[in-house]
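Residue-level structure breakdown
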Amino acid sequence: MNVETSVRVEDKLFYNRYLVDVGRPHIKVRAHTQPSPQLLALLKVCPARCYELNDKGQVEVTVDGCIECGTCRVIGEPTGDIEWSYPRGGYGVLFKFG
């Protein structure tokens, strides 16, 4: 009987590397006073946990660990809550395995 140990997503993400394009983030959150339901959903669904609430109760994004999965693009871009574009060539996530 072969028993596999479980691996957390955070452990897998640790192997990836990111080349940050300083001053040119590929995701921007629209200015807001109160977050929409879509922005609040991003706090939970982003696998890299790039979205968080600041002290004022607004949603902020940190693109440094973004794996460019597109989840936030599907949820937040159609409503105009975020602006999403591909990072410039050579920047962004650098997958170690695959």
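Residues numbered from 1 in each chain as written. Predicted model: local features only at pLDDT ≥ 70, side-chain atom pairs only at ≥ 80, totals over all residues. Heavy atoms only, no water.

Before going further, it helps to examine the nonpolar core. Formed by Ile27, Leu39, Leu42, Cys46, Cys50, Tyr51, Val59, Val63, Cys66, Cys72, Ile82 and Trp84, the largest nonpolar core amounts to 12 residues. Of all the secondary-structure elements, those providing two or more residues to this core are helix H2 (37–45) and strand E5 (82–84). Setting aside residues up to four positions removed in sequence, Cys50 forms contacts with Glu60, Val61, Thr62, Gly65 and Cys66. (Core = buried A, V, L, I, M, F, W, Y, C linked by side-chain atoms within 4.5 Å. Buried < 20%, exposed > 50% of the residue type's maximum accessible area, 1.4 Å probe, protein only. Helix = DSSP H or I, 4+ residues; strand = E, 2+ residues; numbered from the N terminus. Contact = heavy atoms within 4.5 Å.)

A separate point is the environment of Ile67. For Ile67, the location among the structural elements is in the loop between strand E4 (59–61) and helix H3 (71–76). By relative accessible area, which is 17% here, Ile67 ends up buried. Between the alpha carbons of Ile67 and Pro47 there is a distance of 8.2 Å; along the sequence they are 20 residues apart. Beyond its immediate chain neighbours, meaning those up to four positions away, Ile67 contacts Leu13, Asn16, Tyr18, Pro47, Ala48, Val93 and Phe95.

Attention now moves to empty space enclosed by the protein. Taken as a whole, this structure holds 1 cavity of 30 Å³ or more when the rule is applied. Taken as a whole, the largest cavity encloses approximately 70 Å³ of empty space. Forming the walls of the largest cavity are Ile27, Cys46, Pro47, Tyr51, Cys66, Ile67, Glu68, Cys69, Gly70, Thr71, Cys72 and Trp84. (1 Å grid on protein atoms, 1.4 Å probe; cavity = no way out; pocket = protein on both sides within 12 Å on 5 of 7 lines; lining within 4 Å. Points joined across faces, edges and corners; volume = space filled by probe spheres on them.)

Quick look at the state of the cysteines now. Under the defined criterion, the tally for this structure stands at 0 disulfides. Summary of cysteine pairing: Cys50 is not part of a disulfide, and the nearest cysteine sulfur, belonging to Cys46, is at 4.2 Å. Not engaged in a disulfide, the cysteine Cys66 finds its nearest cysteine sulfur in Cys50; these two sulfurs lie 5.0 Å apart. (Disulfide = S-S within 2.5 Å.)

Don't take any of this as a statement about function, it's just geometry.
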